[in-house]
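# Understanding the architecture of this molecule
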Amino acid sequence: MAEKCPMCGAPLENGTCGYCGYREQAAAPSSSTPSPNQPSVQPQIVINNQTIQNPQACSPNIIPGVSRKSKIAALLLCIFLGGLGIHRFYVGKVGTGILYLLTGGIFGIGWIVDIILIAIGAFKDKFDLPLRQ
């Protein structure tokens, strides 16, 4: 299972969050194995308890664990353009957006289900985060 970003909960790719920009600190490269006539040296472990500040996550509009996408915007897009899947493109679900576009919101049933899910707050973005209020 992929690691999750400690700032926003989105999956990390190569130590970097594609959603909030968080980057893991690079680990020091491991030293080569000592030769038999060299004494082995224990690695020194340094614990730094400072909080890593992410300038994007400190913005007042970004809350860790909540999507940047607006619930109201998604609901309005769904109500007026839901048959075209525009609300799904908005939250980053491109695959199902194309499916909705080709099938008329999965023949209208998926469109109605999405309106209800967005209205009750159960609709999530592509990172499986709830939409911002």
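These remarks concern the structure in this document.

Reading the values: rules and limits
- All chains use their own residue numbering, which begins from 1 and follows the written sequence.
- Given that this is a predicted model, residues contribute local features only at a pLDDT of at least 70 and side-chain atom pairs are listed and counted only at 80 or more, while totals for whole chains, interfaces and linings are drawn from all residues.
- Remark: hydrogens and water are excluded; side-chain values derive from all non-hydrogen atoms of the structure.
- Only protein chains enter the accessibility calculation, which uses a 1.4 Å probe; a residue whose area is less than 20% of its type maximum is buried, one above 50% is exposed, and one in between is partly exposed.
- Numbering of helices and strands runs from the N terminus, with a helix taken as a DSSP run of H or I at least four residues long and a strand as a DSSP run of E at least two residues long.
- Along the arc lie the directions from the helix axis toward the C-beta atoms.
- Contact between two residues is taken to exist if any of their heavy atoms lie within 4.5 Å; hydrogens are not considered.
- Side-chain atoms alone can form a polar contact between residues adjacent in sequence; in general such a contact is a pair of N or O atoms within 3.5 Å, and within protein one must be able to donate a hydrogen while the other accepts it.
- Angles shown run from 0 to 180 degrees and are taken between the N-to-C directions of axes, each axis being a line fitted to C-alpha atoms and, for helices, limited to the stretch in contact.
- In this scheme, roughly parallel covers angles under 35 degrees and roughly antiparallel covers those over 145, while 65 to 115 is roughly perpendicular and the rest are oblique.
- Crossings are sorted by hand: turned counterclockwise from the far helix by less than a right angle, the near helix makes the crossing left-handed, and turned clockwise it makes it right-handed.
- The quantity called bend is, for any residue, the angle between two axes fitted respectively to the seven residues ending at it and the seven beginning at it.
- Take a side-chain nitrogen of Lys or Arg and a carboxyl oxygen of Asp or Glu: if they are within 4 Å of each other, that pair is a salt bridge.

When we look at burial in helix H1 (residues 71-81), the residues that qualify are Lys-71, Ala-74 and Cys-78. For H1, the buried positions fall inside an angular range of 65° around the axis, keeping them on one side. Projecting away from the buried face of H1 at angles above 90 degrees are the exposed residues Ile-72 and Phe-80. Each element contacted by the buried residues of H1 is listed here: helix H2 (86-90) and helix H4 (109-120). The backbone nitrogen of Ile-72 lies 3.3 Å from a side-chain oxygen of the residue at the head of H1, namely Ser-70.

Attention shifts here to the environment of Leu-117. Residue position: Leu-117 is located in helix H4. Through-space distance from the C-alpha of Leu-117 to that of Leu-75 is 9.3 Å; in sequence the pair is 42 residues apart. Those residues in contact with Leu-117, other than ones at most four positions away along the chain, are Ala-122 and Phe-123.

The next subject is the packing of H1 against H4. Relative orientation of the contacting elements H1 and H4 amounts to 160°, with a least axis distance of 9 Å. As the angle between them shows, H1 and H4 are arranged roughly antiparallel. Crossing of H1 over H4 shows left-handed handedness. Here Lys-71, Ala-74, Leu-75, Cys-78 and Ile-79 of H1 lie close against H4, whose contacting residues are Trp-111, Asp-114, Ile-115, Ile-118, Ala-119 and Ile-120.

The largest bend along helix H3 (residues 94-107) reaches roughly 85° and is located at Leu-101. Looking at the packing, one finds that the buried side of H3 touches H2 and H4. Looking at the residues trailing H3, positive phi occurs at Gly-108, about 85°.

To continue, consider the pattern of salt bridges. For the coordinates displayed, the defined rule picks out 1 salt bridge. Residue Arg-88 pairs with Asp-114 through a salt bridge whose shortest N-O separation is 3.0 Å. Of this pair, Arg-88 sits in helix H2 while Asp-114 sits in helix H4; the two residues are 26 residues apart in sequence, bridging distant segments of the chain. The buried category is assigned to Arg-88, whose relative accessible area is 10%. For Asp-114, a relative accessible area of 2% puts it in the buried group.

Turning next to the environment of Leu-84. Looking at the secondary structure, you find Leu-84 in the loop between H1 and H2. Remark: the alpha-carbon pair of Leu-84 and Gly-97, spanning 13 residues in sequence, is separated by 7.5 Å.

In contact at an axis separation of 3 Å, H3 and H4 are set at 70° when each is read in the N-to-C sense. When the axis of H3 is compared with that of H4, the two are roughly perpendicular. Residue-level contacts link Tyr-100, Gly-105, Ile-106 and Phe-107 of H3 to Ile-109, Gly-110, Trp-111 and Asp-114 of H4.

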